[in-house]
Amino acid sequence: MLEATKEKDESALHNVIYSYHPTRSAMDTAVSTLKRNIHYVKNAYYFSYSNGPIEGINRKIKELKRHHYGFRNLNNFFNRIDRIFLLNQKEASTA
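Residues numbered from 1 in each chain as written. Predicted model: local features only at pLDDT ≥ 70, side-chain atom pairs only at ≥ 80, totals over all residues. Heavy atoms only, no water.

**Student:** Is there a simple way to explain the environment of Tyr-20 in this structure?
**Tutor:** Within the secondary structure, Tyr-20 is located in the loop between helix 2 (10–18) and helix 3 (26–36). Taking the C-alpha atoms as reference, Tyr-20 lies 47 Å from Ile-81; in sequence the two are 61 residues apart. For Tyr-20, the side chain forms a polar contact with the side chain of Asp-28, separated by 2.5 Å. (Helix = DSSP H or I, 4+ residues; strand = E, 2+ residues; numbered from the N terminus. Polar contact = N/O pair within 3.5 Å; in protein donor to acceptor, adjacent residues only side chain to side chain.)

Structural data, given as structure tokens:
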């Protein structure tokens with residue numbers, strides 16, 4: 001399964017998933033999830049889009065809310081978010 005995924009070989013992945021025999025292990029759950037979502041897995045082979053960067057932004061905002069609750073006004077909160085992302089952009093451009 002790993003080789004099929006690394007090589008982005010759709011037919012090999014299909015063969016591995018549909019020839020799998022349940023063994024009452026955690027792998028059974030993983031394979032059944034892949035069977036249900038095979039269309040989306042195949043789409044990941046064709047398109048290089050990822051929601052990872054957006055998830056990272058959401059995580060940073062939620063972390064800010066958790067650690068610094070109680071901003072006196074919403075503008076301070078938004079200014080803090082802007083500062084976090086400006087610092088990250090500067091770090092990324094110097095790396």
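**Student:** Quick question: what am I supposed to make of the packing of aromatic side chains here?
**Tutor:** Think of a pair of aromatic rings as described by two things: how far the centres are apart, and how the planes are tilted against each other in angle. A complete count under the given rule lists two aromatic pairs for this structure. Here the aromatic rings of Phe-47 and Tyr-49 are separated by 6.2 Å at their centres, their planes lie at 10°, and the arrangement is stacked. On the basis of relative accessible area, Phe-47 is assigned to the partly exposed category, the value being 47%. A relative accessible area of 75% places Tyr-49 in the exposed class. Pairing Phe-77 with Phe-78 gives two aromatic rings, centres 5.9 Å apart and planes at 50°, and the pair type is tilted. Since its relative accessible area comes to 43%, Phe-78 is described here as partly exposed. (Phe/Tyr/Trp six-rings, centres within 6.5 Å; stacked < 30°, edge-to-face > 60°. Buried < 20%, exposed > 50% of the residue type's maximum accessible area, 1.4 Å probe, protein only.)

**Student:** It is not clear to me how the pattern of salt bridges should be interpreted in this structure. Could you clarify?
**Tutor:** Proximity of charged atoms lets side chains of opposite charge pair with each other. If you walk through the whole model with that rule in mind, you get two salt bridges. Linking Glu-10 and Lys-42 is a salt bridge whose minimum nitrogen-to-oxygen distance equals 3.6 Å. Here Lys-42 lies in helix 4 (residues 38–46) and Glu-10 lies in helix 2, a separation of 32 residues in the sequence. Between Glu-63 and Arg-59 there is a salt bridge, with its nearest N and O atoms 3.0 Å apart. In this pair, Glu-63 and Arg-59 are both assigned in helix 5 (residues 52–67), four residues apart and thus about one turn of the helix distant. Classification of Glu-63 as partly exposed rests on a relative accessible area of 32%. Classification of Arg-59 as partly exposed rests on a relative accessible area of 46%. (Salt bridge = Lys/Arg side-chain N within 4 Å of Asp/Glu carboxyl O.)

**Student:** Teacher, can you tell me more about the packing of helix 2 against helix 4 here?
**Tutor:** In a packed pair of helices, the relevant descriptors are the angle between the two axes and the axis-to-axis distance. Packing of helix 2 against helix 4 brings their axes to within 11 Å, and their N-to-C directions diverge by 155°. Comparing their axes, helix 4 and helix 2 come out roughly antiparallel. The two elements helix 2 and helix 4 cross, and the hand of that crossing is right-handed. On the side of helix 2, the interface is formed by Glu-10, Leu-13, His-14, Ile-17 and Tyr-18, while helix 4 contributes Ile-38, Val-41, Lys-42, Tyr-45 and Tyr-46. (Axes fitted to C-alpha atoms, helices over the stretch in contact; angles between N-to-C directions. Parallel < 35°, antiparallel > 145°, perpendicular 65-115°, else oblique. Left-handed = near helix turned anticlockwise from the far one by under 90°. Contact = heavy atoms within 4.5 Å.)

**Student:** Is there a simple way to explain the nonpolar core in this structure?
**Tutor:** Note on soluble globular proteins: their nonpolar side chains tend to be buried together. Ranked by size, the top nonpolar core spans six residues in total: Ala-4, Leu-13, Ile-17, Val-31, Ile-38 and Tyr-45. Listing elements by their share of this core, those giving two or more residues are helix 2 and helix 4. Residues contacting Ala-4, with those up to four places away along its chain left out, are Asp-9, Ala-12, Leu-13 and Tyr-45. (Core = buried A, V, L, I, M, F, W, Y, C linked by side-chain atoms within 4.5 Å.)

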